[in-house]
Amino acid sequence: MTSNFENKNILIGISGGIAAYKIADLTSRLIKLGANIKVVMTDNATKFIHPLTFESLSGNQVYHDTFQRTDRWDIEHIALAKWADLFLIAPATANVIGKAAGGIADDLLSTTILATEAKTIFAPAMNTVMYQKPVVQDNINKLKGMGYIFISPGKGRLACGDWGEGKLADLDTVIHYMENQLCPDRDMEGLRVLVTAGPTYEPIDPVRFISNRSSGKMGYAIAEECIQRGAKVDLVTGPTNLSPPAGACIYNIKTAEEMYETVLELYEKANLVFKTAAVADYRVKEVASNKIKKGQGPMTLELVRNPDILLELGQRKVEQILVGFAAETEELEENALTKLQDKNLDFIVGNDVSTGESGFQSDSNQGILYSRDGGSTHIPLMNKREFAHRIIHEIIKQL
Ligand code: CTP
C-alpha cells in the first residue's frame, strides 16, 4: 500500500530539548513510510543526540550549525528550504519559536525557517512554566496567524520532574498532522460554513460585564479545519485572545444580541453551522450608563433572557446542517440529546466540562458526537485542533 509520505521530502529541524531523542524514532517511522528525510540540528540539539544517529537513519548528511561557518553555509539554507515539501520543527524550543516569530535568522535552523516556502509545522516541547509564559503564547499565536501550524504539547511528567503541559506531542499525532499537510482532505470545497466561537460579554455598566470561561479555542480550531478542507468560513466571534484563523471572514461581536443579528444575516448562505460559542443566556435588563457605585447592603441585578440563537436557527432551517455544542457538568447524554431534539439539530457534540482536562480554556477536548439518526461516536481526549479534525471527519462521512 502506498503512503502519503511516499517520495515526499521532509525536512526536520531539531532544536535543543531533551525530546530530541524521540525524533530518531520519528525519522525511522517516516523512512518506513517512504519519505526522504533531511535533518537540520541546532548546536544545542547536537548535545542531546548525536547527528550520526540521524545520518544513519536517514541516509543523508545532517546539517548543523558550526561555530566557524563555512562558505557553503549561506547557500545551504536556501537549498534545504527549496528541497522541502514539508518542514517539521520538533522539538521546537521557546527560543526557536521566539526567533521565528521575531523574524530572527541567526543560525541554520532559524534561517531555513525564514527562507522556506514549504508548509512549516512546529511541535513545541518545553517546561510547563515556559510554555505558559505570555511571551511564548504570544509568539505562538503570532505564528499561527501567519499560517504556521502548531501541534500542542501533551501533558504529563516532564524531564525536569515537573508535571504539566510541555511534553512533545505523541508521535502518532505528529505524523497525523504531517500527513494532513501533505495530503489535506479537500472534501469541503464549495461549502460555506458559519462558525461561532468564544464567550459573549453582557454589560452591566461601562466597566463591568457578565461572561463565561470560554476561550474560543474549539471554535477557532473548527474554523481552521474547515478552511484547510477547502470551505469558505464565516467566523462570528466573541472576545478572545486568539489570532484569527488565516483565510476566515471574521465578525467580531460582544453581546449575545450582536451575535444573534450577525448569525442570522449569514445563515441563509451557510451550508453548515457550528454553534461553538458559549452564549450568555441572560443579559442585564438595564445597563447603567455610569459606573455603579457600591452601597452598604447587598445588590440585585435584574436579568432578562437572551435569544437562543441556535433554537432560532433550528426553526428557520431550510437545508443547513446544524451542529450544536453542549458543555455539561452532569447527565451528559440526556442533556445533549434533549438539546439536539429541541433545537432541531443534525449533530451535537456533548462534552463533560466538570474535569479540568477538557472543555473551557483547556487546549484539549473529549466528547461524544451524537447525530440526529441516533448514532454516537466517542472521541477521546486530544488537542482541540485534532478534535476538530475528528468531528468534522465524522460529520462529512455521515452526510
Ligand atoms: N446557544 C445559542 N444561544 C443561546 C444559548 C445557547 O445559540 N442563547 C447554543 C450554543 O452555542 C450551543 C448550544 O446552544 O451550541 C447549547 O448551548 P448550552 O449553553 O449548552 O445550552 P442551553 O441551550 O443554553 O441550555 P442550558 O444553559 O440550560 O444548559
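Residues numbered from 1 in each chain as written. Predicted model: local features only at pLDDT ≥ 70, side-chain atom pairs only at ≥ 80, totals over all residues. Heavy atoms only, no water.

Bringing the overall build of the protein chain into the picture now. In terms of helices and strands, the protein chain carries 14 helices and 20 strands. Reported as C-alpha extents along the three principal axes, the dimensions of the protein chain are approximately 70 × 55 × 35 Å. Among the 399 residues that make up the protein chain, the fraction classed as buried is 51%. Accessible surface for the protein chain amounts to roughly 19300 Å². Of this, 49% is attributable to carbon and sulfur atoms. Counting 42 positive and 50 negative side-chain charges, the protein chain places the centres of these two groups 4 Å from one another. (Helix = DSSP H or I, 4+ residues; strand = E, 2+ residues; numbered from the N terminus. Buried < 20%, exposed > 50% of the residue type's maximum accessible area, 1.4 Å probe, protein only. Areas by Shrake-Rupley, 256 points an atom, 1.4 Å probe, with all protein chains shown as cover. Lys, Arg positive; Asp, Glu negative; His and termini not counted. Charge placed at Lys NZ, Arg CZ, Asp CG, Glu CD.)

With that settled, consider a nonpolar patch on the surface. On the surface, Y282, M299, L301 and L303 cluster together into a nonpolar patch covering about 370 Å² of accessible area. Among the secondary structure elements, Y282 is positioned in strand β15 (residues 282–284). Judged by relative accessible area, Y282 falls into the partly exposed class, the value being 41%. (Patch = residues over 30% accessible without salt bridge, like charges linked within 9 Å, V, L, I, M, F, W, Y side chains within 5 Å. Salt bridge = Lys/Arg side-chain N within 4 Å of Asp/Glu carboxyl O.)

Before going further, it helps to spend a moment on the packing of helix α9 (residues 171–182) against helix α14 (residues 384–398). Interaxial distance between α9 and α14 falls to 12 Å at its minimum, and their mutual angle equals 60 degrees. For the element pair α9 / α14, the angle class is oblique. The way α9 lies across α14 gives a crossing that is left-handed. Facing α9, whose interface residues are T173, H176, Y177 and N180, α14 presents R385, E386 and H389. Of the residues assigned to the contact of α9 with α14, the class counts are one nonpolar, four polar and two charged. (Axes fitted to C-alpha atoms, helices over the stretch in contact; angles between N-to-C directions. Parallel < 35°, antiparallel > 145°, perpendicular 65-115°, else oblique. Left-handed = near helix turned anticlockwise from the far one by under 90°. Contact = heavy atoms within 4.5 Å. Nonpolar A, V, L, I, M, F, W, Y, C, P; charged D, E, K, R; others polar.)

Moving on, we get to the site of the ligand. Looking at the ligand, there are 14 residues lining it, with K275, A277, L310, K339 and K343 nearest. In the model, an oxygen atom of the ligand is placed 3.0 Å from a nitrogen or oxygen of the D281 side chain. L310 is positioned such that a nitrogen or oxygen atom in its backbone is 2.9 Å from an oxygen atom of the ligand. Notes on the ligand: free accessible area 560 Å², of which the protein chains cover 76%. No other element matches strand β17 (residues 321–328), which puts four residues into the shell around the ligand. For the shell around the ligand, a count of residues per class yields eight nonpolar, one polar and five charged. (Near = heavy atom within 4 Å. Polar contact = N/O pair within 3.5 Å; in protein donor to acceptor, adjacent residues only side chain to side chain.)

With that settled, the discussion passes to a negative patch on the surface. Residues E330, E331, E333 and E334 make up a contiguous surface patch of negative charge. Inspection of the secondary structure assignment puts E333 in helix α13 (residues 332–342).

What follows deals with the pattern of salt bridges. Going through the model one piece at a time under the given rule, you end up with 18 salt bridges. The partner of E225 in a salt bridge is R229, and the shortest N-O contact between them spans 2.6 Å. E328 is paired through a salt bridge with K339; the nearest N and O atoms lie 2.5 Å apart. Taken together, the positions of E328 in strand β17 and K339 in helix α13 put the pair eleven residues apart, joining distant regions of the chain. Through salt bridges with shared partners, one network takes in D185, D187, E224, E225, R229 and R385.

Moving on: the sheet that holds β17. The mixed open sheet is built from eight strands, whose spatial order is β13-β12-β9-β14-β17-β18-β19-β20. Two strands in the sheet have a free side with no partner beyond their single neighbour: β13 (249–252) and β20 (376–383). Pairwise comparison of adjacent strand axes, ignoring direction, gives a mean angle of 15 degrees for this sheet. Alignment of strand β12 (residues 232–237) against β13, held across four bridges, turns out to be parallel. Its bridge partner being in β13, T237 is matched across the sheet by N252. α14 rests against β14 (272–275), β17, β18 (347–352), β19 (364–371) and β20 of the sheet, and its axis sits at about 160 degrees to β20. (Pairing = 2+ DSSP bridges.)

Moving on, we get to the sheet that holds strand β1 (residues 9–14). Spatially, the six strands line up as an open sheet ordered β3-β2-β1-β4-β5-β6, and their pairing is parallel. The two strands at the open ends of the sheet, each matched to only one other strand, are β3 (62–64) and β6 (149–150). Across three bridges, the pairing between strand β2 (residues 36–41) and β3 is parallel. Within β3, the position partnered with M41 by the bridge is H64.

What follows is about the environment of T196. Inspection of the secondary structure puts T196 in strand β9 (residues 192–197). Here T196 falls in the buried class, since its relative accessible area comes to 0%. Considering only alpha carbons, one finds T196 and K293, 97 residues apart in sequence, at a separation of 35 Å. Only 3.4 Å separates the side chain of T196 from the side chain of K275, close enough to count as a polar contact.

When cut into domains, the protein chain gives domain 1 (9–182) and domain 2 (192–398). Between domain 1 and domain 2, the C-alpha centre-to-centre distance is 34 Å. Taken residue by residue, the interface counts 13 residues in domain 1 and eleven residues in domain 2. Across the domain 1 to domain 2 interface the summed buried area is about 1000 Å²; carbon plus sulfur atoms make up 35%. Our enumeration of links across domain 1 and domain 2 arrives at zero salt bridges. There are six residue pairs in polar contact (both at pLDDT 80 or more) connecting domain 1 and domain 2. (Domains from an automatic or database assignment. Buried area = accessible area lost by both parts, 1.4 Å probe.)

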